[in-house]
Structures are given as C-alpha cells and as structure tokens.
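Topology and contacts: notes
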Amino acid sequence: MPPPRRSFLSRALALAMTASLVAGYGTFGWIAGRFLLPTRATRRGWLFVADVESFRPGTTLPFVAPTGERIVVARRDDGGFMALSSTCPHLGCQVTWQAAERRFFCPCHNGTFAPDGRATGGPPFEAGQSLPSYPLRVASGLLYIEVALAAAAGSA
Amino acid sequence: MGRLATFFRQRLPLDPARLRELTNEPVPHHLKHWWFCLGGTPAYLFVVMIVTGILLAFGYEATPTRAWESVRAITEQAAFGWFLRSLHRWAATLMVAAVVLHQMRVFFTGAYRRPRELNWLIGMGLLICTLMAGFTGYSLVYEQLSYWGATVAANLSDGIPWIGGLLRTFLLGGDGYNERTLSRFFVLHGAVLPVTMVALIALHVTLIRLHGIAEMRFRRDEGSAPRFFDFFPDHLLTELLIGLVLMIVLCVLASVFPVPMGPRADPLSTPEVIKPEWFFYVAFRWLKLWSERAALLSLGAIVALMAAWPFVDGWIRRRRPGSEASVFVGIVAVVAIVGLTVWEAVVAH
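These remarks concern the structure in this document. All residue numbers refer to position in the chain's written sequence, counted from 1. In the order they appear in the text, chains get letters beginning with A and ligands get numbers beginning with 1. Totals for whole chains, interfaces and linings use all residues, but because this is a predicted model, local features are given only for residues with pLDDT of at least 70 and pairs of side-chain atoms are given and counted only at 80 or more. Only heavy atoms go into the side-chain values, all of them from the structure, while hydrogens and water stay out.

1. Brief notes about the overall build of chain B
Scanning chain B from terminus to terminus reveals 13 helices and two strands. C-alpha extents for chain B along the principal axes are approximately 65 × 65 × 40 Å. When burial is assessed residue by residue, chain B has 40% of its 349 residues classed as buried. Contacts are assigned to residue pairs that have any heavy atoms within 4.5 Å of one another. Within chain B, contacts between residues separated by at least 24 positions form 78% of all contacts whose residues are at least 6 apart in sequence. The averaged location of the 24 negative side-chain charges in chain B is 6 Å from the averaged location of its 31 positive side-chain charges. Secondary structure elements follow DSSP: runs of H or I of four or more residues count as helices, runs of E of two or more count as strands, with numbering from the N terminus. Exposed residues in this analysis have more than 50% of their type's maximum accessible area, buried residues have under 20%, and partly exposed residues fall in between, with area computed by a 1.4 Å probe over protein chains only. Charge assignment: positive for Lys and Arg, negative for Asp and Glu; neither His nor the chain ends contribute. A charge is said to be at NZ when it belongs to Lys, at CZ for Arg, at CG for Asp and at CD for Glu.

So this is what it looks like as structure tokens:
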C-alpha cells in the first residue's frame, strides 16, 4: 500500500495525462473536421447576363452561377426583368416552365409555383417555400445578376 | 454495461487469460531505454502519415493541370490545410530518419542474426517502401523538383539492364512524363505502398512476437539473471510517452517551419540547382561519382548486400567465431552514408 500522498499524486498525474491526450487528439479531430468541412461561398458578386437590347420581352434565358446553381432569367411582357432559381426548395429537383398552365412545375413531388416564384401547390406550398429570386441590375444597356461566387478551391 | 459485456463475450469467443498471455510478452530490461524503442517510432509516424494522408487526399487532384493548384489551395485556402500538409511532410522526414536509425541500431547490436534473418529482410522491404513513398510523395506536389526528380529517376531506371525500359514505361505510364503519370504516382503513393507497408509491418511485428525481442546483455549484466518487464502496461506506456513526445515535436516543427509551395513544374526549363529530398542525397552523390551504368549496378549490389548481410555475417562467423567484421562494415557504411549526404548538402552541383 503506497503512502496516500504518493497515491494521490500518481492518480492526479494519470488524470492529467489522460485529459491532455484526450484534449490533444480531440483538437486534432476538430482540425480534421474543419479541413473536411466545405467552406461556404460567402463572397457575392455581379455577373454579366445579357445585353438588354437583344433580350426580347416574354423570353427566358438559362443562367448557371459559378456555384453550379441553375437560374432562369426572364423578361416580363412589361419589359421588367426577374431571375428565379430553378431548383425546387423542397428537395432540390429542377423545375420546368409549363406555358399552358403558366406555372413552374416540379416533377418530383408535383410542386407548383406562380410565374413570380410563389409556391401555389404541393409540398413547397404547404411548407411556404418559394423559388429564391436574385437581384438584377441594368447598367449601360447590360443586364447583371448578383450571385454567390465560387467557393474556395480545394475545400469547395 | 454488464449486458453489453455479455453480448460481446458471447459473440467473440476469446479467452481473456489467453488474450492477456498473447499480448503480454516479456520485454527485455534494456528496452527501458528509449533509444532501443526506435522501431516503434516509425510505426507511430506511419499512423500519422496515414491519417494526415487520407485528409490531404480529400483536397488533392492528380492531374498535371490541377495538381499544383490543388496543393496550393490545400496549403493556402483550406482550413488548417497548411498544418496537415506540414505534419505530413515533417512526419515523412522524421520517419525516414527513424527507419535509418532503427536499422543502424539493429545492425550494431547484431539483432538481425540467426534466427532473425527473415525479419531483417522484411525490414529491408519496409526501408525500400518508405523511400519509394517519399519519392512518389514529393512527386505529387508538381513543383519543379517533383517534375524533374521524377523525370531523372525514370530515365535512370531506363539504365537498369533488361527490365529498365519496362520499369520506366510502367512508372511513367508512357515513354515520357505525360498526363497519366501523376495518377500513377498517386495510386502508388496512396494505395499500393501503404497497403504493402501495412502487410509488411504486420509480418515484422508477428515475427518479433514469435522470436521474442533479442535480449541485450551488457558487460555489467554478466552473471545476473535476465531481467524482463511486462509489455502491458509498462512497455505500452513507454511507447505512448514516445508517441506523445513525437506529436509535440511534429506540431512544433509544422507550426514553426510550415512547408512552403515551390515553383510550379515547368516542363520547358530545368532549374539551375536541382536536388532530390535529403534522404536521396547519398544515392544522388553516388550517381555523380561514377558512370551511369557503373553507379546503378554498384547501387543495386550494395542494396543486395545489405539485404543478404545476415547470411553473409553468419557465414563469416561460422568460419571465424567471434569475428566483429560486421561492426567495421557498419562503421564504414555509416561514415560513407553521412559523408556522401553532407557532401551533397554543401555543394551546389
């Protein structure tokens, strides 16, 4: 039976060692996690879409953002512009424009959206999720869209 | 807790007493000194290499157009990428050093002698795998050194009689450095060599267990009974302590001397001063001393002699019992290795 003080010291030392090991490898685990976790694209910027002159009212233009996001840019009959994501907010399928019904339709779960992106039926309507829209700007006769720029390479 | 233990005991038919006997081999007393534990050091560093290597592989792209850029992104953009890459590189450096020191220790203590000749051979295999992993590893970065090192090495292997041309074609995936070369190096570095090394390390350790650790007897121990201590927990704690010190050393090295990015490989211009990694200085200087063919053949002969040394030594000792020839051979070898390395390190060409 060792003297109580020595036993206390060796126990405290063992505890400190174990705690340091756990802390050390834990830190490494956190570092590994941060390395693997993709960095979000936080930088946004204005990208060129088309020149206003050749963009006739009533037509649409597909646009792919640097992050891979698919966007439909449309010129309304009144001459204004709008840009909607064509990714259904429910589960990420691509919506299509149905001209006869004047609506966007998601083939995965029959979600429907009004021409301005508001959900009108199906799961997105129940959850109150509309198609995200993007800011547009006209400068010197050219149309620009504001989107997220590409995430950092390597950990994208 | 009790039910969980019962669950596993019923499904893993292991006898705790036998398991304890298997894992708890007696360790000779001289292993209380850390410098006799240099075999565990490369094993520990190997685990570090595997963990950091897997992480780095998530960000690496093995094509000539993207390789350098992806390593740069790992180093400069990814969270903690510089730290992981520096850990990987420093662990590699320490691992080569530890493997060489371990081999020297085994050589000078005569631990390779009968019946342990086969384990020396496995160790030689591990040495060659370690050096090849080092070479393929720095080829992946696609710096100037990576490109020209790989080109020179491949053209050198072309000089090996009979199989040289085939070896070069196999290594480069073509007659010269091409867009498939990097993925070859990547597969060798990230799959073939590590898997081979895991198998060889398992064999290495199994043979140590089967033979028992060679006991060292010093002059002051003469007449006393052999002393042993338990593997578990005594020796395991020693190894853990060494592991802890290694991790601290690695973290300090990686933080104070992080690995930089060299200039991107340029197939159109060879740099003025081009040298391989330090652990190839010996071979590099040797190659400059002789004609290409003579240097290659002598290098091959030296490696073959190293591998066959336990048998050569056994033959010598049978004819002249008590001969210390191996000590002199060892001293000459160490002086030559250190001399050639320093020589290459201090001159430009």
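2. A word on the packing of helix α5 (residues 81–108) of chain B against helix α6 (residues 117–140) of chain B
Residue and element names in this part refer to chain B. At a minimum axis distance of 10 Å, the contact between α5 and α6 shows a crossing angle of 160°. In terms of orientation, α5 and α6 fall into the roughly antiparallel class. The two elements α5 and α6 cross, and the hand of that crossing is left-handed. On the side of α5, the interface is formed by M95, V96, V99, Q103, V106 and F107, while α6 contributes W120, M124, L127, T130 and L131. Counted by class, the contact of α5 with α6 contains nine nonpolar, two polar and no charged residues. Working convention: axes come from line fits to C-alpha atoms, limited for helices to the stretch in contact. Angles between N-to-C directions cover 0 to 180 degrees. Should an angle lie under 35 degrees it is considered roughly parallel, over 145 roughly antiparallel, and from 65 to 115 roughly perpendicular; all remaining angles are considered oblique. Two helices that cross are described as forming a left-handed crossing if the nearer one is turned anticlockwise from the farther one by less than a right angle, and a right-handed crossing if clockwise. Just so you know the grouping, Ala, Val, Leu, Ile, Met, Phe, Trp, Tyr, Cys and Pro go in nonpolar, Asp, Glu, Lys and Arg go in charged, and all remaining residues, Gly too, go in polar.

3. Things to note about the pattern of salt bridges
By convention in these notes, a salt bridge is any Lys or Arg side-chain nitrogen within 4 Å of a carboxyl oxygen on Asp or Glu. Applying the stated criterion across every chain, the model contains eleven salt bridges over all chains. With a shortest N-O distance of 3.6 Å, D116 of chain A and R118 of chain A are connected by a salt bridge. Across the pair E344 of chain B and K288 of chain B runs a salt bridge whose closest N-O atoms are separated by 3.2 Å. Here K288 of chain B lies in helix α11 (residues 281–289) and E344 of chain B lies in helix α13 (residues 325–346), a separation of 56 residues in the sequence. Through salt bridges with shared partners, a single ionic network connects K275, R285, K288 and E344 of chain B.

4. Thoughts on the interface of chain A and chain B
Accessible area lost upon the coming together of the parts serves often as the stated size of an interface. In this complex, chain A contributes 14 residues to the contact, which on the side of chain B involves 21 residues. Throughout, buried area stands for the accessible area (probe radius 1.4 Å) lost by two parts on being put together, summed over both. For the pairing of chain A and chain B, the buried interface totals around 1,500 Å² over both sides, and the portion due to carbon and sulfur atoms is 81%. Run the count over chain A and chain B and you get zero salt bridges. Whenever a nitrogen or oxygen atom comes within 3.5 Å of another N or O atom, the pair is scored as a polar contact, on the condition that within protein one atom can donate a hydrogen and the other can accept it, and that pairs from neighbouring residues in sequence are kept only if both atoms are in side chains. Connecting chain A to chain B are one residue pair in polar contact (both at pLDDT 80 or more). In terms of residue class, the side of chain A that touches chain B is made up of eleven nonpolar, two polar and one charged.

That's the geometry; what it means functionally is another story.
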